[in-house]
Amino acid sequence: MSDILIVDDERDIRELISDILEDEGYATRLAGNSDDAMAAVNAEPPALMILDIWLKDSRMDGIDILKAVKRDNPDVPVVIISGHGNIEIAVAAIKQGAYDFIEKPFNIDQLLVVIRRAMETSRLRRENQSLRRQDVTQAEMIGTSASFRNLVSQLDKVTKSNGRVMLTGPAGSGKEVAARYIHANSNRADAPFVTVNCAGVAPDRMEEVLFGRETPERGIEPGLLEQAHGGVIYFDEVADMPVGTQSKILRVLVDQQFQRVGGNDKVRVDLRVISSTNRDLEQAIAAQTFRQELFHRLNVVPIPVPSLEERREDIPVLAEHFIAEFNTAQGLPKREFSDDAAALLQTMIWPGNVRQLKNMVERVLILGDGSGPIEARELPGIEEPEGEEGRVVLSGALATLPLREAREAFEREYLLTQINRFGGNISRTANFVGMERSALHRKLKSLGVVTSSKAGSRVAHLDETEAEAG
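Residues numbered from 1 in each chain as written. Predicted model: local features only at pLDDT ≥ 70, side-chain atom pairs only at ≥ 80, totals over all residues. Heavy atoms only, no water.

**Details of the packing of helix α17 (residues 403-421) against helix α18 (residues 426-433)**
With their axes 8 Å apart at the nearest point, α17 and α18 run at an angle of 125 degrees to one another. By the angle class used here, α17 and α18 are oblique. Relative to α18, the crossing made by α17 is right-handed. Seen from α17, the contacting residues are Tyr414, Leu415, Gln418, Ile419 and Arg421; seen from α18, they are Ile426, Thr429, Phe432 and Val433. In the contact of α17 with α18, the residues fall into six nonpolar, two polar and one charged. (Axes fitted to C-alpha atoms, helices over the stretch in contact; angles between N-to-C directions. Helix = DSSP H or I, 4+ residues; strand = E, 2+ residues; numbered from the N terminus. Parallel < 35°, antiparallel > 145°, perpendicular 65-115°, else oblique. Left-handed = near helix turned anticlockwise from the far one by under 90°. Contact = heavy atoms within 4.5 Å. Nonpolar A, V, L, I, M, F, W, Y, C, P; charged D, E, K, R; others polar.)

See the structure below:
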């Protein structure tokens, strides 16, 4: 995309324009009819097209060529020229996406001004898209836990293919970051990554948002599918897509083409589709709120994204990453979590997962005072008890139990928390709690605590058989 394609049925005109542009340092290609023009565009899209609106002995006129070019190569600016120009033709051309309209006989200086502006606009648009894509590729996967490494291993297996991926996991677990990771490491990394927020678009607007629209007043308005051409379309929380739209998306997946709302032309797209959901789509299918055919089309490669609870080992490194990110983006202080604060983070409940952790880190940095380490008392919801230093606040539930039962309940919850904090590693847990490994195993057995594999890591939980027997 570095030259200018000149399309005119008059040889003298196209050669004259070519000579002028080459004198100005531009490379050019020439076409005298619609077939040659479309062949040139399909072989290599030009940086700009100069297009005569009337083409004798051609299957397509200038408006038809303009529609086809803007449909398949929307970033190519097209300057229309005509010796039979009138205001109606100019308006029609602009509505179909032309950059400008110039009448023959044209003024050379005027033509050069229009071309320079069009090329500059095109360059700025490409730079803007490139910057957006660079931002996409900076979406990092952060972690060291077994479940995290298992996730990255699965993502790496699908980056080089075009297979459709379905990311599942609770809200805030990082499904979009995983989708961006696939895109950034794929052969489509230089193409767009476009997100469709299925839960955030009103059902009656979803089709216009996805497919775009055509109206006599405003011409062509590309939708998100068209904007994602050549790249990745990411359906965030796809279970919230309206049922009526689902059937049309299914058709797009099959045909790789669609019609804009209010339009008649078929728009061809080359897309890789990644979807995500925090819901059980099998249940949604049973409730007839999600189409089974669409599920099978999207769920070619299912990849579960673990919750933060399943990767507690990653909490300190994630928190450190967010601190650096907020320092760079917002100028917030670059502090560190003290050992006690980091340990406490790993024991807290995170229903909002990674998103909740990120929000909490931002809050602590904004409200905190000083630049020293972040102490445990600064974490939201953590208050030091009044009175003697070192006292532990007893929860109401424990306070109502006899000593032996309270001790067992505390030990059970304490050890469950510590084992999960260390990713199911019994040796590290034993070292931290100050017990011999064999003694810890006996204690866990007496408390009914077992570990099992989940999402690639070991997770501690109560033995269901003993719990039922109890």
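Okay, back to it.
**A few points about the packing of aromatic side chains**
In the structure shown here, the tally under the stated rule is four aromatic pairs. Ring geometry for Phe410 and Tyr414: centres 5.6 Å apart, planes at 20 degrees, overall stacked. Taken together, the residues span about one helical turn, with Phe410 and Tyr414 both in helix α17 at a distance of four residues. Under the relative-accessibility criterion, Phe410 is labelled partly exposed at 48%. According to the relative accessible area criterion, Tyr414 is partly exposed, its value standing at 31%. Its end group placed over the ring of Phe432, Arg421 keeps NZ or CZ at 4.4 Å from the ring centre. (Phe/Tyr/Trp six-rings, centres within 6.5 Å; stacked < 30°, edge-to-face > 60°. Buried < 20%, exposed > 50% of the residue type's maximum accessible area, 1.4 Å probe, protein only. Lys NZ or Arg CZ within 6 Å of the ring centre and 35° of its normal.)

**Considering the sheet that holds strand β1 (residues 4-7)**
Here we have five strands laid out as an open sheet, ordered β2-β1-β3-β4-β5, and parallel in their pairing. Pairing within the sheet leaves two strands with one partner each, and these edge strands are β2 (28-31) and β5 (100-103). Sheet twist, expressed as the mean angle between neighbouring strand axes with direction ignored, is 20 degrees. Bridge count between β1 and strand β3 (residues 48-52): four bridges; the pairing is parallel. Bridging across to β3, Leu5 finds its partner in Met49. On top of the sheet, helix α2 (residues 34-43) reaches β1, β2 and β3; it is set at about 170 degrees to β1, its chief contact. (Pairing = 2+ DSSP bridges.)

**Overview of unusual backbone geometry**
Each neighbour pair has its own omega, and for Lys104 with Pro105 the value is -10 degrees, a cis peptide bond. Structurally, Pro105 is set in the loop between β5 and α5 (108-137). Unlike most non-glycine residues, Gln288 shows phi in positive territory, near 60 degrees. Mapped onto the secondary structure, Gln288 falls in the loop between α11 (281-286) and α12 (292-298).

**Observations concerning the pattern of salt bridges**
Two side chains that carry opposite charge are able to pair once their charged atoms sit near each other. The tally for this structure, following the rule as stated, stands at 24 salt bridges. One salt bridge connects Glu325 with Lys358, and the closest N-O pair in it is separated by 2.9 Å. On the criterion of sequence distance, the pair formed by Glu325 in helix α13 (residues 315-330) and Lys358 in helix α15 (residues 353-367) is long-range, its members being 33 residues apart. In this structure, a network of salt bridges that share partners links the residues Asp8, Glu10, Asp52 and Lys104. (Salt bridge = Lys/Arg side-chain N within 4 Å of Asp/Glu carboxyl O.)

**Observations concerning the pairing of strand β6 (residues 165-168)**
The pairing of β6 with strand β13 (residues 272-277) spans four bridges and is parallel. Note that in β13 the partner of Val165 across the bridge is Ile274. Across four bridges, the pairing between β6 and strand β14 (residues 301-304) is parallel. The residue of β14 that forms the bridge with Thr168 is Pro304.

**Quick notes on the sheet that holds β14**
With parallel pairing, five strands are arranged side by side in an open sheet as β7-β10-β13-β6-β14. Two strands in the sheet have a free side with no partner beyond their single neighbour: β7 (193-197) and β14. The average undirected angle you get between the axes of adjacent strands in this sheet is 20 degrees. By the bridge criterion, five bridges tie β7 to strand β10 (residues 232-236) in an arrangement that is parallel. The partner of Val194 across the bridge, within β10, is Ile233. Against the sheet, helix α6 (residues 146-158) engages β6, β13 and β14, with an angle of about 155 degrees to β14.

**What to know about the nonpolar core**
Within the largest apolar cluster, 33 residues are counted, with the highest numbers of intra-cluster contacts made by Leu225, Ile233, Phe235, Ile249 and Phe290. Elements with a contribution of two residues or more to this core: β7, α8 (206-211), α9 (224-227), β10, α10 (243-255), α11 and α12. Residues Val41, Ile65, Leu66 and Phe101 belong to the second largest nonpolar core, which totals 25 residues. (Core = buried A, V, L, I, M, F, W, Y, C linked by side-chain atoms within 4.5 Å.)

**Regarding the packing of α17 against helix α19 (residues 437-447)**
Axis separation between α17 and α19 bottoms out at 10 Å; the angle between their running directions is 120 degrees. The angle between the axes of α17 and α19 places the two elements in the oblique class. In this structure, the crossing between α17 and α19 has a hand that is left-handed. The residues of α19 that touch α17, namely those facing Glu408, Glu411, Arg412, Leu415 and Ile419, are Leu440, Lys443, Leu444 and Leu447. Residue classes in the contact of α17 with α19 are distributed as five nonpolar, no polar and four charged.

**Regarding the environment of Phe258**
Tracing the chain through its elements places Phe258 in strand β11 (residues 257-259). Looking at Phe258, the relative accessible area reads 4%, which means it is buried. Along the chain, Phe258 and Leu225 lie 33 residues apart, while their C-alpha atoms are 9.3 Å from each other. Contacts of Phe258, omitting those with residues within four sequence positions, involve Phe211, Leu225, Glu226, Val252, Asp265, Lys266, Val267 and Val269.

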